[in-house]
Amino acid sequence: MNSLRTRLLVAAALILIAFGSLTGLILDRSFQNGMLQAQEDKMQTLVYSLLGAASSDAFGDLTIALDAVPDPRLRQPLSGLEAALFNDDAVVVWSSADFLRLTPPAMPEVGEWRFERLVDPNAFALSFGLRWIDSADDPRRYTVVVLEDANAWDRQLVAFRRTLWLWLGTTLIALTLALLLLLRWGLKPLRLLGRELQQIESGQQPQIQGSYPEEIQPLARDLNTMIAAERSQQTRYRNALGDLAHTLKTPLAVLRGMTAESGLEAGFRRQLSEQLDRMQHIVDHQLRRAAAAGTRTLTEPVLLHGLCEKLLGAMAKVYADRPLRVENAVPGDLRLRADQGDLYDLLGNLIDNAAKYGNGQVRVSALSGSRQCLIVVEDNGAGFPPQAEQLLQRGARADQRQPGQGLGLAAVAEIVQAYSGRLLLDRSALGGAKVIVALPLR
């Protein structure tokens, strides 16, 4: 459900299903009510026809001659249509060819109609109460009952429902497909925008160049502005620190020349030379850090395996005077969206520390999850001291016997912080130090 198109399609499909179901139920109920009303009207017409054909017999009772019945089905057995006349005592005084109802019906009041659906038998029943006045002016009360088989009515309703839901289902499927095409067409500008951003990340084009609808055009314009501002900021960083390095070059050269004067004491000359080297290292480090200052938008993903392979090969040459066993356990297809210069500094410092302070074995591994990438650098040296967090401060060193300025882990911590990541110092299964870098995926 992370896809915008999927969300819209599912929501619209649910609305269509709900609307189609409600429409089907309303049409079904309307059709059923219409059929019931038509059935009742038809049976009422038959009752009026029967009464029009009725007459009094010799005893003054109401009767209907079979030859005079309006519907010929009343003269045919098992035709599905039956009729009868009941007197005031619920006794049948006249009936059609096969009136099968044995239980006397409920007698409605005079002038009252009663329409109902019977279960056994499966039929519609219509009753009408009346008062008949014969020539002897002897009013008598009767009830006309008409029964009609409901099986044909049920088959008609089933056929209608089958046709209704078939066409409604077909219509809903067609509407869903049309909606899918409409969403695909409507979201096409967003797909094109995403494709352009990928091309910008891979360096194939400098900015967003497409023409987009008025709802998306401000976003494209703001993205171009952001890209231009970021590139301008990076250029200003490089230029400013380049000027700083150039400005400090001459004073550092003068101070370094002063250390060669014969009048200086050997101890003072050594201390001054160490401080100058440290200043030079700080300037170089800040130049590299400013050139790739933390998280940048629209950066091309870096293949970690190849980068680690280069660094491990370089360290093997730097420490060629000692047997160094390196292991690159980074997956070959793992990519991390980060600045390549930052990753060079980060991994370079960690691998250099592992090679420098280990006992000849360095292992680099990585694991990518759904939200972060873990980079692990291990060695088989003495490991970190109990207060290992102090090593993340500038100038702090765990081993004073090796040359260095104590800036490696501090520089790594600054880069990790710039990416909103985490840096953990632990004990390795190899017996030495283990540095875990957790960088969020973007």
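Everything numeric in this text was worked out from a predicted model, so none of it was measured. (Residues numbered from 1 in each chain as written. Predicted model: local features only at pLDDT ≥ 70, side-chain atom pairs only at ≥ 80, totals over all residues. Heavy atoms only, no water.)

## So, the nonpolar core
Ranked by internal contacts, the top residues of the largest apolar core, which has 36 residues, are L304, L347, I351 and V437. Of all elements in the fold, only α6 (304-318), α7 (340-357), β11 (361-368), β12 (372-379), α8 (408-418) and β14 (433-440) reach the threshold of two or more residues within this core. Of the residues forming this core, the biggest block, seven residues, is contributed by α7. Filtering out sequence-adjacent residues up to four positions away, L304 remains in contact with V330, L334, L336, L343, L347, C373 and I375. Residues M35, L62, I64 and W153 belong to the second largest nonpolar core, which totals 25 residues. (Core = buried A, V, L, I, M, F, W, Y, C linked by side-chain atoms within 4.5 Å. Buried < 20%, exposed > 50% of the residue type's maximum accessible area, 1.4 Å probe, protein only. Helix = DSSP H or I, 4+ residues; strand = E, 2+ residues; numbered from the N terminus. Contact = heavy atoms within 4.5 Å.)

## Remarks on the sheet that holds β12
The strands that make up a sheet are held in pairs by hydrogen bonds between backbone atoms, and each pair lies either parallel or antiparallel. Strand order in the open sheet made by the five strands is β9-β11-β12-β14-β13, with mixed pairing throughout. Of all the strands in the sheet, just β9 (325-329) and β13 (422-427) have a single pairing partner and so form its edges. Taking each pair of neighbouring strands and ignoring which way they run, the sheet shows an average axis angle of 15°. Examined bridge by bridge, β11 and β12 share seven bridges and lie antiparallel to one another. Across the sheet, the residue bridging to A366 is I375, located in β12. (Pairing = 2+ DSSP bridges. Axes fitted to C-alpha atoms, helices over the stretch in contact; angles between N-to-C directions.)

## Some details on the pattern of salt bridges
For the structure on display, the rule yields nine salt bridges. A salt bridge links R73 to D71, with the shortest nitrogen-to-oxygen separation between them at 3.3 Å. With relative accessibility at 29%, the residue R73 sits in the partly exposed group. For D71, a relative accessible area of 19% gives the class buried. Note that R141 and D88 form a salt bridge whose closest N and O atoms lie 3.8 Å from each other. Of the two residues, R141 is situated in strand β7 (residues 139-149) and D88 in the loop between β3 (81-86) and β4 (92-95); the sequence distance between them amounts to 53 residues. Overall, the relative accessible area of 49% leaves D88 in the partly exposed class. Overlapping salt bridges bring together K42, D71, R73 and E148 as one network. (Salt bridge = Lys/Arg side-chain N within 4 Å of Asp/Glu carboxyl O.)

## Looking at the environment of A53
Checked against the element boundaries, A53 lands in the loop between α1 (4-52) and β1 (54-56). The sequence separation of A53 and T63 amounts to ten residues, and the corresponding C-alpha distance is 8.8 Å. Residue contacts for A53: discarding those within four places in its chain leaves T63, I64 and A68.

## Brief notes about the packing of helix α2 (residues 151-186) against helix α3 (residues 188-201)
Two quantities define a packed helix pair, namely the angle between the axes and the distance from one axis to the other. Packing of α2 against α3 leaves a shortest axis separation of 4 Å and a crossing angle of 45°. In terms of axis orientation, α2 runs oblique to α3. In contact with R184, W185 and G186 of α2, α3 contributes K188, P189 and R191. Residue classes in the contact of α2 with α3 are distributed as two nonpolar, one polar and three charged. (Parallel < 35°, antiparallel > 145°, perpendicular 65-115°, else oblique. Nonpolar A, V, L, I, M, F, W, Y, C, P; charged D, E, K, R; others polar.)

## Some words on the sheet that holds β3
Read from one edge of the open sheet, five strands run β4-β3-β7-β6-β5, paired in antiparallel fashion. Looking along the sheet, the strands with just one partner apiece sit at the ends: β4 and β5 (113-118). Across the sheet, the mean angle separating the axes of adjacent strands is 20° when strand polarity is ignored.

## Examining the packing of aromatic side chains
Geometry of an aromatic ring pair is reported as the spacing of the ring centres plus the angle between the planes. Evaluation of the coordinates by the stated rule reveals five aromatic pairs. Ring plane angle 15° and centroid distance 3.7 Å describe the contact between F31 and F160, whose orientation is recorded as stacked. With a gap of 129 residues between them, F31 in helix α1 and F160 in helix α2 connect regions that are remote in the sequence. Between the aromatic rings of Y48 and W113, the centroid separation amounts to 5.5 Å while the plane-to-plane angle is 75°, which identifies the pairing as edge-to-face. One end of the pair, Y48, is in helix α1; the other, W113, is in strand β5, and 65 residues separate them in sequence. You can call W113 partly exposed: its relative accessible area is 23%. One aromatic cluster is present, built from ring pairs that chain together Y48, W113 and F128. Of note, R117 hangs over the ring of F124, and the distance from its end group to the ring centre comes to 5.0 Å. (Phe/Tyr/Trp six-rings, centres within 6.5 Å; stacked < 30°, edge-to-face > 60°. Lys NZ or Arg CZ within 6 Å of the ring centre and 35° of its normal.)

## Quick look at the environment of L187
Inspection of the secondary structure puts L187 in the loop between α2 and α3. When the C-alpha atoms of L187 and R5 are compared, they prove to be 7.5 Å apart, with 182 residues separating the residues in sequence. Those residues in contact with L187 that sit more than four places away from it in its chain are L4, R5 and L8.

## Things to note about the environment of G421
Mapped onto the fold, G421 is located in the loop between α8 and β13. Using a relative accessible area of 21% as the deciding quantity, one classes G421 as partly exposed. Taking the C-alpha atoms as reference points, G421 and C373, 48 residues apart in sequence, are found 9.5 Å from one another. In this view, G421 contacts V416, A438, L439 and P440; residues no more than four positions away in its chain are not counted.

## Notes on the pairing of β4
Here is the key point about a regular strand: its side chains alternate between the two faces of the sheet. Pairing of β3 with β4 involves three bridges; the strand directions are antiparallel. Its bridge partner being in β4, L85 is matched across the sheet by W94. Between β3 and β4, which pair antiparallel one after the other, the connecting turn spans five residues, and A90 there sits at a positive phi close to 65°.

Any functional reading would require information beyond the geometric quantities listed.
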